[in-house]
Structures are given as C-alpha cells and as structure tokens.
Amino acid sequence: MRRARGPLASAALLGVLVASLFPLYWSVVVASHDNAALSRRVPPLLPGAELPANAREVFGAVDFWAALGNSAAVAGIATASNVLLSTMAGFAFARLRFRGRDKLFAVVVTSAMVPAQLGVVPLFELVGDFGWYGELTAVVVPGLVSAFSVFWMRQACRESVPAELVDAARVDGCSVARTYWHVALPALRPHAVVLGMLTFLASWNDFFWPLVVLDPHRTPTVQIALSTLAGGYYTDHPLVLTGAVLGTLPVVLLFALTAKRIVAGLGRGAVGR
C-alpha cells in the first residue's frame, strides 16, 4: 500500500496540475490564432504566431493601458489597506482587552455572511450622494477593509502572537502602537502575505461592482475592458482571450514573486503551533 501511494499521489497531483493549467494554455492557444484557424473542424492545439497582432488590436480597440493602470491602482490600494487595517483590527480582537470585544467581533463575522448583492443598492446611493459615480474612488473606498480580512488576521494573531509576549512588551513599557508594530506585525508577516495575495486577486478580478459604478470609457478596469471586447453582435474570441491573457500576466508575475512566502504562510497556518 505504501509503495502504491507514491505513484497514485504523483498521478493525482499531475492530473490536478494539468487541469489547473489547461485553461490558461488554451487561452494562449486561442489568442495566438485568428478566427479562421479556430473555425476548422480540428482546432489548433499549439500556439500560433498571431499573438502580437491580436495584442495590438486589443490596445487599439479599448484603452487597455488605462484599464491595467486602474486595476493595478485599485488592487494595490485594497491590498495595502486590507493588510494594514486588518492586522491592526486582528491584533486588537485577539490580544487587547476592552468592553464589548467579543460582541463586536461577532458583528464583524456576521457581516461576512451577508451576500454582497444585498448592499449594492444602498452603496450605490451613497456613491451618488458623494459624487463618486464614474470615479475609481467608488471602487477603492468600499474595498479598504473586509470582514474576512479581519477574521483571517484575528485567527493568525491568536496563533502566532502569544499573549505572554504581548504582556511582556507592555510590562517593559511599550505602548499599544509599539507592541503592534514591533511584536505583532513581524510575527504576522507570513499570514499578511497570503492575505495580500488573496485580496489582490479578489480586487483584480472583481467585475460586478466596477460594472455598476465605473464609466467603461473613462475609468475602465481590466474586467470592464474585457466585457467591452466581448460585447456586440459578434464576439472575436481570439481578441477577447488575448485581452484575458494580457490581464492575467500581472497576477501571474505577482504570484511568481511571492510564491515562496505564500506557501510558507499557508503551511504555517495549516501546521499550527
């Protein structure tokens, strides 16, 4: 049985790897051909030579540079603010003692169970009252912090920041701010990296709320630009998937740069103390 586990596990992991990478590979294949090649009875299975031409057509059809910049700005601000604010809130909920702490945390957790669609109408009215319709601010401000981020960092703080260490820092004369900055935050860095990647992905891939409040011609994001490419009576699939490949490259690059820390953070959370 033990000898059989090795090949079976390797085959299962290989199958998961192929299933995970095939959509990206097929997007590259479609993006590197024209519609004539895709309309054949046997579609091409290898990348072609039309990717540069399709990429130029994407940038000519929509303002894709602006879309990339807007998505990077929104996702970057959301990532930084979620990591900073949620680590502060998680530290407070996990290691500070104040009246109503558990009840307030229960409210935060309960708010995470409410479907986001239920808040679209009141949030849209607030955006209109503030005059943010069509501005990136309408997407940035609601995403500054989330209940999931607070819950994640609270659990991480309870695992990685011992109460005795916090008490020792307070006895030595550290203020709450210094205890958070010099004691809690260094211990939370692996978890913060994972949270930052998850937040960046969620913000980069968000489509519904930007579609509601942004101007697709003046302040598009990558997802809005892709929906513009796919609109109309005729869908140019190589063009749309070329935009999808171009919009995926920043995320793939970010994951490649932070993969080791993300795996270390996930492994640390899985093993526990």
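See the structure shown above.
Report on the accompanying structure. Everything numeric here is computed off the predicted structure, so don't read it as measured data.

1. Things to note about the overall build of the chain
Here is step 1 of the chain: Helices and strands together make up the secondary structure of the chain, namely 14 helices and zero strands.
Here is step 2 of the chain: Moving toward the C terminus, one meets the helices and strands of the chain in the order α-α-α-α-α-α-α-α-α-α-α-α-α-α.
Here is step 3 of the chain: Considered along the principal axes of its C-alpha atoms, the chain spans approximately 75 × 65 × 30 Å.
Here is step 4 of the chain: Put simply, the chain has 273 residues, and 35% of those count as buried.
Here is step 5 of the chain: Sequence separation of at least 24 residues holds for 75% of the intrachain contacts in the chain that already meet a minimum separation of 6.
Here is step 6 of the chain: Working note: accessible area of the chain is about 16300 Å², and carbon and sulfur atoms make up 67% of it.

2. Structural notes on the side chain of S71
Here is step 1 of the chain: Inspection of the secondary structure puts S71 in helix α4 (residues 64-95).
Here is step 2 of the chain: Judged by its relative accessible area of 4%, S71 falls in the buried class.

3. Examining the packing of helix α10 (residues 176-187) against helix α11 (residues 189-205)
Here is step 1 of the chain: With their axes 5 Å apart at the nearest point, α10 and α11 run at an angle of 65° to one another. Counted together, L185, P186 and A187 of α10 and R189, P190 and H191 of α11 form the full contact between these two elements.
Here is step 2 of the chain: Broken down by class, the residue content of the contact of α10 with α11 amounts to four nonpolar, one polar and one charged.

4. Examining the pattern of salt bridges
Here is step 1 of the chain: Under the criterion given, the structure shown has three salt bridges.
Here is step 2 of the chain: With its nearest N and O atoms 3.9 Å apart, the salt bridge here joins D215 to R218.
Here is step 3 of the chain: Its relative accessible area of 24% is what places D215 among the partly exposed residues.
Here is step 4 of the chain: Under the relative-accessibility criterion, R218 is labelled partly exposed at 45%.
Here is step 5 of the chain: Three or more residues are tied together by salt bridges with common partners; here these are E135, D215 and R218.

5. A short note on the nonpolar core
Here is step 1 of the chain: V58, F64, W204, V222 and L229 are the most contacted members of the largest nonpolar core, which has 20 residues in total.
Here is step 2 of the chain: Those elements that provide at least two residues to this core are α3 (51-61), α4, α11, α13 (222-230) and α14 (237-271).
Here is step 3 of the chain: When near neighbours in sequence (up to four residues on either side) are disregarded, W204 contacts L68, S71, A72, A75, V222, Q223, G247, P250 and V251.
Here is step 4 of the chain: Counting 15 residues, the second largest nonpolar core, distinct from the first, contains A94, A184, L188 and L195.

6. Remarks on the environment of A138
Here is step 1 of the chain: Looking at the secondary structure, you find A138 in helix α7 (residues 137-140).
Here is step 2 of the chain: The class for A138 is buried, based on a relative accessible area of 0%.
Here is step 3 of the chain: Sequence separation of A138 and E57 is 81 residues, and the distance between their C-alpha atoms is 30 Å.
Here is step 4 of the chain: Ignoring sequence-local partners within four residues, the contact set of A138 consists of V127, W132, W209 and V213.

7. Regarding the side chain of N54
Here is step 1 of the chain: Among the secondary structure elements, N54 is positioned in helix α3.
Here is step 2 of the chain: In this structure N54 touches A31, S32, H33, P238, L239 and T242, once residues within four positions along its chain are discounted.

8. Regarding the environment of W65
Here is step 1 of the chain: Examined against the element boundaries, W65 turns out to sit in helix α4.
Here is step 2 of the chain: The spatial distance from the C-alpha of W65 to the C-alpha of T221 is 9.6 Å, given a sequence separation of 156 residues.

9. As for the environment of F130
Here is step 1 of the chain: Of note, F130 is situated in helix α6 (residues 120-130).
Here is step 2 of the chain: Taking the relative accessible area as the measure of exposure, F130 reaches 54% and is therefore exposed.
Here is step 3 of the chain: Linking F130 and R56, residues 74 residues apart in sequence, is a C-alpha distance of 38 Å.

Basis of the calculations
- Residues numbered from 1 in each chain as written.
- Predicted model: local features only at pLDDT ≥ 70, side-chain atom pairs only at ≥ 80, totals over all residues.
- Heavy atoms only, no water.
- Helix = DSSP H or I, 4+ residues; strand = E, 2+ residues; numbered from the N terminus.
- Buried < 20%, exposed > 50% of the residue type's maximum accessible area, 1.4 Å probe, protein only.
- Contact = heavy atoms within 4.5 Å.
- Areas by Shrake-Rupley, 256 points an atom, 1.4 Å probe, with all protein chains shown as cover.
- Axes fitted to C-alpha atoms, helices over the stretch in contact; angles between N-to-C directions.
- Nonpolar A, V, L, I, M, F, W, Y, C, P; charged D, E, K, R; others polar.
- Salt bridge = Lys/Arg side-chain N within 4 Å of Asp/Glu carboxyl O.
- Core = buried A, V, L, I, M, F, W, Y, C linked by side-chain atoms within 4.5 Å.

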